[in-house]
Amino acid sequence: MKPDPTRPAQANNVAEPSPEAISRAVELLRQGHVIGMPTETVYGLAGDGLNPAALGRIFEVKQRPLFDPLILHFADAAAAFDVAEQIPTSARELAQRFWPGPLTLVLPKKEMVPHLATSGLPNVAVRVPAHPVAQALLRAFKGPLAAPSANRFGRISPTDAQAVRTELGDGVPLILDGGACAVGLESTVLFLADPEPVLLRAGGISLEEIEAVIGPVRHAAPVEDRPQSPGQLRHHYAPRKPLRLVRSMGEIPSRTDVGWLAFGTQTDSFLGRVENISPTGDFREAAANFFRALRSLDDDPRVTELYATVLPAQGLGLAINERLERAAS
Ligand code: TXA
Ligand code: MG
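About the criteria used
Residues numbered from 1 in each chain as written. Chains lettered and ligands numbered in written order. Predicted model: local features only at pLDDT ≥ 70, side-chain atom pairs only at ≥ 80, totals over all residues. Heavy atoms only, no water. Helix = DSSP H or I, 4+ residues; strand = E, 2+ residues; numbered from the N terminus. Buried < 20%, exposed > 50% of the residue type's maximum accessible area, 1.4 Å probe, protein only. Contact = heavy atoms within 4.5 Å. Lys, Arg positive; Asp, Glu negative; His and termini not counted. Charge placed at Lys NZ, Arg CZ, Asp CG, Glu CD. Phe/Tyr/Trp six-rings, centres within 6.5 Å; stacked < 30°, edge-to-face > 60°. Pairing = 2+ DSSP bridges. Salt bridge = Lys/Arg side-chain N within 4 Å of Asp/Glu carboxyl O.

Q: Can you help me understand the overall build of the protein in this one?
A: Secondary structure summary: the protein contains ten helices and 15 strands in total. When its C-alpha atoms are laid out on the principal axes, the protein stretches across 60 × 50 × 35 Å. Each of the 329 residues in the protein was classed as buried or not, and the buried ones make up 56%. Counting only contacts in the protein whose residues sit at least 6 apart along the sequence, the fraction spanning at least 24 positions is 67%. Charge centroids of the protein, computed over 33 positive and 37 negative side chains, lie 3 Å from each other.

Right, dumping it as structure tokens:
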């Protein structure tokens, strides 16, 4: 069911992550239902990763095209590598360094992984999330959970339980409330199924951090429609209002109905509404605030047009810029 915007959200499917709520979540997942799961990156729409009916339900609730494959989440690296046919040394080194955490590795899949999870691709994306509620759920469920970000396809990713509620309404029976996501950007997706590693999506672990462990990584360019590696769709993270990218406040019209997603700058003299994602210019803070701030400006009825400051192109700044460019396209 789609959320009804004319009715106030009744958060009766949002639950504190008590042991009882985790048990209820496991029960629902075993029955093939999908639920809202907090992770340290963004909230996920989780379903049994080995149950094709549950996988189908994820695509249906998200209104996601079947050609865009899902990430499988595991409690630990041993479980994650168990669904991969080959595990290169680079994957083991990265897992050792960054798991649990915001890194997804794409590896050749074993037969047991359903085609629906990988959209028919020969490779599977695997990740070990760090959030304690995701960890508790995975340990109690004792199997992989497929989980895309819990937004409708193409929309802004949710970084708290209320945003999941806004995106999916009663479309899910349960949303576990794990608070605001500490990282705030999706995981970095790294393709390791060929000898040359390729960055498919910049994310919570920076390219520099990855290259420090495994050496040079090629950065895949976004493509327009049906991509070879689906994570590269250009139009994504879209607000409802028009969004333009700027380098400075001087490029933004001086009007009260303008919203500005600012970063590390003086904003006092601005006439419109400002969300400064990090007044001190800190990338981690900016990442943690990014989707919440974008959503808040997009939802503000006084704001008709959005502007966002482009970040310096390094570290997590690259990952935020990649999302800004897609949100503005
Ligand atoms: O941080 C995250 O990764 C969050 C949380 C919930 O874990 N999940 C997430 O999932 O962002 P999703 O579905 O919104 O994005 C997964 C990305 C997509 O861009 C998808 O195309 C790519 O990973 N992907 C998944 N499986 C792949 C595969 N086999 N080959 C290439 N890309 C793949
Ligand atoms: Mg997503």
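Q: Would you mind showing me how to read the packing of aromatic side chains here?
A: Here the distance between the centres and the angle between the planes together describe a pair of aromatic rings. Taken as a whole, this structure holds five aromatic pairs when the rule is applied. Between Phe81 and Trp99, the ring centres sit 5.5 Å apart and the planes meet at 40°, which makes this aromatic pair tilted. Placement of the pair is Phe81 in helix α3 (residues 77–81) and Trp99 in the loop between α4 (89–98) and β5 (103–108), with a sequence separation of 18 residues. Among the residues examined, Trp99 registers a relative accessible area of 9% and is labelled buried.

Q: When you look at the pairing of strand β13 (residues 258–262) in this model, what are you seeing that I'm missing?
A: One face of the sheet, then the other: side chains in a regular strand alternate in exactly this way. With respect to burial, β13 is a largely interior element, five of its five residues being buried. By the alternation rule, side chains of β13 split into Val258, Trp260 and Ala262 and Gly259 and Leu261, which are all buried. Relative to strand β15 (residues 305–309), β13 runs parallel, the two being bridged by four bridges. Bridged to Gly259 within β15 is Leu306. Bridging between β13 and strand β14 (residues 273–276) involves four bridges; their strand directions are parallel. In the strand pairing of β14, Gly259 is matched with Arg273.

Q: Help me understand the side chain of Ser149 in this model?
A: Summarising the element assignment, Ser149 is placed in the loop between β7 (145–146) and α7 (161–168). With near-sequence residues (within four places) excluded, Ser149 lies in contact with Val42, Tyr43, Gly44, Leu45, Lys62 and Ser157.

Q: Please clarify how the pattern of salt bridges should be interpreted in this entry.
A: A side chain of one charge can pair with a side chain of the opposite charge when the charged atoms of the two come close. Counted under the stated rule, the structure contains 21 salt bridges. Note that Arg218 is salt-bridged to Glu196, the shortest N-O span being 3.1 Å. Taken together, the residues span a long stretch of sequence, with Arg218 in strand β11 (residues 218–219) and Glu196 in the loop between β9 (188–191) and β10 (198–201) at a distance of 22 residues. The class of Arg218 is partly exposed, set by a relative accessible area of 43%. Residue classification places Glu196 among the partly exposed positions, given a relative accessible area of 43%. Arg292 is the salt-bridge partner of Glu275, the closest N and O atoms lying 3.6 Å from each other. In this pair, Glu275 sits in strand β14 while Arg292 sits in helix α9 (residues 283–299), placing the two residues 17 residues apart along the sequence. Looking at Glu275, the relative accessible area reads 13%, which means it is buried. Residue Arg292 is classed as partly exposed on the basis of its relative accessible area, which comes to 35%.

Q: So what exactly am I meant to see when it comes to the environment of Val106 here?
A: Structurally, Val106 can be placed in strand β5. Val106 gets classed as buried once you look at its relative accessible area, which sits at 9%. Distance in space between the C-alpha atoms of Val106 and Pro38 is 22 Å, their sequence separation being 68 residues. What Val106 contacts, discounting residues up to four positions off in sequence, is Asn123, Val124, Ala125, Val189, Leu190, Phe191, Leu192, Ala193 and Leu200.

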